[in-house]
Structure formats: structure tokens, C-alpha cells
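Observations on chain architecture
So the chains spell out like this:
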Amino acid sequence: MKKIMMQAIAKQGNVLDVVFSKDFYTMPQKEFRIYEDGKLRMKARPVSQSESGSSYIYTLITKDLVFVPGREYLVKTKENYFIPIDISFLAMTPAFEKRYRYDGRLGAIYDKEKTVFRVFSPFATTMVLKLMAKGEKEYKTYRMARDDEHGIYEITIPGDLDGAKYLFSPKIFGDIYDVVDPYAYALGRNSLYGYVIDPEKVLAIKTERDHLPPSRARTRDVIYECSVRDMTSLTDLPDKGTYEALSKEGLLTKGGLPMGLDYLASLGVTHVQLQPVLDFQTIDDDDPFSTYNWGYDPSFYFAPEGSYATNPDDPYSRIVELRNLVAAFHRKGLRVVFDVVYNHVYSALFNSLSLLVPQYYFRHNNDMTLSSGSGCGNDIESRNYMARKLIKDSLLHLLSFYDCDGFRFDLMGITDIDTLKEAYDQLSEKKPDILFYGEGWDLWTNLPADMKATQYNSYKMPFAAFFNDRFRDVVKGKTEKSGLAVRGYLSGDTNYLDGFKHVFLGSSVAIAFAPLFSSPDQSLNFVECHDNHALYDKLKACCTGESDEEIFRRMKMITLALLSSCGIPFFHAGQEIGLSKKGNGNSYDAGDAINGFDYSLLDKRKDLYFFFKDAIAFKERLVNLIGKEHGEIRSLISFENLPFNAVKINFRLKDFTIYLIFNPTKNTFTYSFEDYSQLVFNESGNVENQDCYVKLAIVSALSASVYLSRRTKK
């Protein structure tokens, strides 16, 4: 027998549809009665009758009946069947959004003497707390009190509840659910229940912030993206793929190179961006290596992912181990960015947010269907007060609980500008150098264009940086599958010469394109991230017939361009040594063999590793030599077109000039400097100690080189 045989769904305009499954009920209905909290409110005759393939549908007009959240409404048939009325359409109305707001704390608010449980659920007619104290084997139930003004339920339970399991059990539109608290700080295995925890036990763990170097301008940052799992998944560590495994020091490859944490620290980057570490849906905590996912399928926004924990059913394991991982990075002088996914959830149907407040947390189209700019079917409606509060509360919790140093916003253009502004203002008060950046793509979500946190609205968000897809496409070529064969400037299409000049200046000067940004510190320059094809695979696809040696020379050019361009350079794990995804352009669930960091390849390509380290060190020296931030030096940079559409970039400073020469062609030629200039960097890395001074330089094919002239240029 089907679970749902009869339904009653209220709609805007005082319209009510009563639906009967054909295989259950065929008797015609001439009149219905509507009850509110057990009392008859009205009789209604159908104004129309229709049918679908499986159902009969009666449409009623409820006249002046005003539905009120928190009250129970039923439709009665002539046979005395009582059908609960779904009034969730109200959640999509401005009146509901303005009426039900709450500024206090939600979730399980712990104190040694008591714990306050508080949950937002305006439609619930009753709410029961199910609580299992530590050491007990069964849940005890407690009826919670309703605060009708704010649409919340609350109860205070005396005693020390540290380590207790809990669930909320609302009755909504006739159904009773067991719901995990969306504000739970800790979860059980596979997110089956929440845990009460003592925050002081977590906050007592030092995050080693005193080991971090002083904060500087954003354009001095170098961001490196990686996954907690990927960095150790292909190792022999017994706890591989966990927070704890990535926290370990002293790990070496067979060739004696650093692994894991030490590898990341050795690169010279300033920030490590961890792909999602908040709880996500599709990995089995009990058997994590039976499936794979990056984590862009979020379930909860306050608790860390359980599959990365050594014991996912210990309420403190995932929390303490993530905080310890942040501390381990800080000890190495590395700041940590959390990748957060506030644009959608894995399932709108089964997520706690939907169960507690149907329809409210998600954006709708004009026809009341769910907006899907994210491509996942359920865009978060960040403009709604309690949805915005959820995002802000989550960010503040992550900052205070884990002492992270920034946030990368997945599909940031789905979120409205005001939400991110308010979040930044709140967080920057606590951490002035907090880093905010994200994907500012203009996606088809039902949000006015002037409200979207897109790169086209970057001037409204000076505090944020944006992934610069123009830099990506100009430098290496198109990235989508249909454009894999399309080259960019450094992959060999020199028609992009002027475009390369534009992106080199942080896409903030009108050369070839209109500016994207008002300042280079909003331009996050990248050519590879977790999405789309790896750089190595892209170059193999578009530079057909080229050897690995030639591909590696192009990779080195691209690395130097990323690090010397105006803006914030961003790298994806393995990009520096040419890790391949074997041609997979969407590897979010492709497994460890595709996504894991292959340290055996690091041993084979250690020259690329050492070049990358040298290139990052060169960026630091370049900035120090210039003595100004990139936003201030655009007027000091000039370009000179060279033979075959190669390019020379001049940083003309008071006491010396720095020359960068990029030659992405297969041609070798010579260039004559006005004065002797010192070769300080080329495809071999840092060569300054070789004291090579030239006036006539040989510009090799597929090369990038840097010269320093200590004489003032006029």
C-alpha cells in the first residue's frame, strides 16, 4: 500500500487541493469540512475536479480562512477521513518571513548545570526533545514549549548533559519526524543524531596562532587547495584520509621528500584551502573508502565531516581532530581556509532544514518550483532572515571553534551580497585579516542580478576576491570538455597576447577586455582547481604532439605567470608536479585512484617540485624588491611585444628594473637589453647565484625568464 494515499495542499489565493490516489479511493466527494485545532471552521464544496494518471484532485476555495502556522488544519471527507492540510506555501510569503525571526542562539546550549535546547520550527504544532544521556540506552522524551512570537521551541534540561545524544521530533502537517538539529556542533556516525558537547573542552586546545607570520596584503598570499582525504589517501598510513593523518609530521616519500603536512609546509604557500570539512551526505562513516566524494553535497553547517575522523561516533573526535589539524598548519606558519557550501544542500526533501520549516530555507521560481542555479535543485534562499542567520552563525562558529583564517564560498554568486557583507563585518571584527573569496559566477538562480555576489558586482564587495575565470581561459585556454582543444596564450595561441597583458594586471585595466575588478586584490588568479580537467590533462589535450618535457616547460611558464601577475595566486594540489586525473573533467566522485595525491610521482618529478618552491620564493622576493603592493604598481608595469608574439614585461622602479620574458612559442630568438642585466630566474628556478649578466639574451622556446637591471631606466 502506498504511504501517501490522501493529501491536502493549501496554495496562495485561498485555494486548497485535496488529492486521492486512484488505487485507494474512487468515491466522488461533493463537500468537505475544514477543521482548525479540532474545531470546525467551514464547509467547502469543490469548485473543480480533475485527475492525473494516478490521482483525483478536488479544488476548494477556503474563502476568508486565514491559515496560522503552529495550528493544525484538517480536511474531513464524508466517510470521516481526516487529512492534514499542508500550509507550507506560507513560508514563501513575505509576511511569514517578516513575522518569524529570532536573534538568539539556537541548538543545544550547554552549561554544566543545564542545557537549553532551542529550535526554529514555526509550522510545528508540537515539538518533542528526545534525549539519551551518556551511558543510557534509551531516549527520554520531553515536550518543548512554543514561543509563538518567534516560531521557536525551547526546553531547559537540568544536569550535566555532556556527551548526550539528542533529536528533535516535530509534528508538522500531521507527520512526526525525528530530526537532527541543524545547529548541532557534533554528530553521530552518518549524521543519525546530534550530540551535546562542552565547548570549553574544545576551545582549551591551543590553535598555535602565535606561530603565524604577520598578516600582509592579500596579493602577497599564495593559496593551495587540497582535500583532507586526498593528501594521504594513497599512503600506507593506517588512518589515511583523516584529519589526524594530515596532521602528522615527519612523513617521507620513498625518495626522501616530505609528505602530507610537511609537504604542504615545504612549498612556501601562505594559505591551505581545505575542500569541504563540514558534514556531507554521500560517504559512509563506517566504511569511508567504499565510496568517494569531495564534499560539495552538504548536510550540516556546524559539525565536521565524520568520515575524516578516527572515530565518527565519538562526539569529540571529529571536532578535536579538525581543531588539531588547524593547529598543526599554524605551527608550520600556514593559514587555513575552509571551503564552505552555502548555496545548496544535498537533498531539500530530507534535510533537517526542510523537515523543520518546509519550503522556507530554499529559493523558489515564480511558479513555486525550486530554483536550481547551483545545478543541484535547491538553492538556499540567503535573503530570508533565518537562512541568513544560519549562514552567519555557521561562519562565526567555524571561526571561533576552529580558528580558521578565511573562507572560500562555493558558487558564491548564488548568495546575495548583503548576507556576505554582514558576515564579513561580523567576522572581521574578530579577525581583521580574515580572507573572503569565492566563485562569483553569474548563475541562473532566481535572484535579481544586482543582488548576486558575482564578479560583475565586485565593486559592491571590496572585501572579497573572486576566482578569475578570464585569467584561466586566457592563460591556458577553455576549460570545459567541448573546449579542451582550445589553447590560451601560454599553451600556444599567441593571439591572446593582449588578453594576457590584461589578466597579468589583475583584470583591472582596460586592455583587450573591460576591467572585471577595480583592484587586483580582488582577482584570484588560477588555471586549475578541483573542478574541470587538471592542468596537465588540459595541456596534453590542447598541445597535441608535444612531449612531456615540452608540457612541463609550459607548466613552469604558467606557474611563473600565476605568481608574478597582479592578484592572488591559487593552485590546486598536484598542479605543481602535473598530477593527472586521467582525462576526468568532473572527478567529484571518481575515487582515490583519480583524486589522491600520488607521492610516487612527486619522487619522479622532483625537479618540478623544486621549481615550484623556487617560484614561490621568487614571488616573495619580487614583492619585497618592488616595495609596493600590486594595487599600487600597475602604473609601473609596461609591456613590450617581442618576435613571434612573445612578450616582455617591465617593472620600472626607482633604482632598478625587473624584466619578465614569456615565450610560449616553439621559436628561439635573441633580445638585446639596453644595459647588462642579470638573469635571476628561468626554467631551472632560481639562478641568481650563477652571476649570469647578459646584454644579448637568448630567449629559448617555451620559456619564462626573469632579469634584473640595477641601473635606473628613464
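These numbers come from a predicted model, not from an experiment.

What about the pairing of strand E19 (residues 223–226)?
The two faces of E19 match: Ile223 and Glu225 on one face and Tyr224 and Cys226 on the other face are all buried. The pairing of E19 with strand E20 (residues 271–274) spans 4 bridges and is classified as parallel. Residue pairing across strands places Glu225 opposite Gln273, the latter belonging to E20. One ladder, built from 3 bridges, connects E19 with strand E26 (residues 568–572); its direction is parallel. From the neighbouring strand, Ile223 faces E26, where its bridge partner is Phe570.

Details of helix H15 (residues 606–626)
In a regular helix each residue adds 1.5 Å, so 21 residues correspond to 30 Å; H15 covers 30 Å between its end C-alpha atoms and thus fits that length. Turning to H15, its buried residues number three or more, namely Leu608, Tyr609, Phe611, Phe612, Ala615, Ile616, Phe618, Lys619, Leu622, Val623 and Ile626.

Details of the environment of Phe338
When you line up the elements, Phe338 lands in strand E21 (residues 335–340). Taking relative accessible area as the criterion, Phe338 reaches 1% and is therefore assigned buried. Non-local contacts of Phe338, meaning those with residues more than four positions away in its chain, are made with Leu274, Val277, Leu322, Val326, Leu398, Tyr402, Cys404, Gly406, Phe407 and Arg408.

Looking at the state of the cysteines
As enumerated under the stated definition, the model contains 0 disulfides in all. Cysteine Cys376 shares no disulfide, and the gap to the nearest cysteine sulfur, in Cys529, comes to 15 Å. Taking the relative accessible area as the measure of exposure, Cys376 reaches 37% and is therefore partly exposed. Just so you know, Cys529 is unpaired, no disulfide at all, and the nearest cysteine sulfur is the one on Cys226, 14 Å from it. Assessed through its relative accessible area of 8%, Cys529 is described here as buried.

Notes on helix H11 (residues 535–542)
Here H11 lies mainly inside the structure; 6 of its 8 residues are buried. For H11, the set of buried residues is Leu535, Tyr536, Asp537, Lys538, Leu539 and Cys542.

Thresholds applied
- Residues numbered from 1 in each chain as written.
- Predicted model: local features only at pLDDT ≥ 70, side-chain atom pairs only at ≥ 80, totals over all residues.
- Heavy atoms only, no water.
- Buried < 20%, exposed > 50% of the residue type's maximum accessible area, 1.4 Å probe, protein only.
- Helix = DSSP H or I, 4+ residues; strand = E, 2+ residues; numbered from the N terminus.
- Pairing = 2+ DSSP bridges.
- Expected span 1.5 Å × (residues − 1).
- Contact = heavy atoms within 4.5 Å.
- Disulfide = S-S within 2.5 Å.

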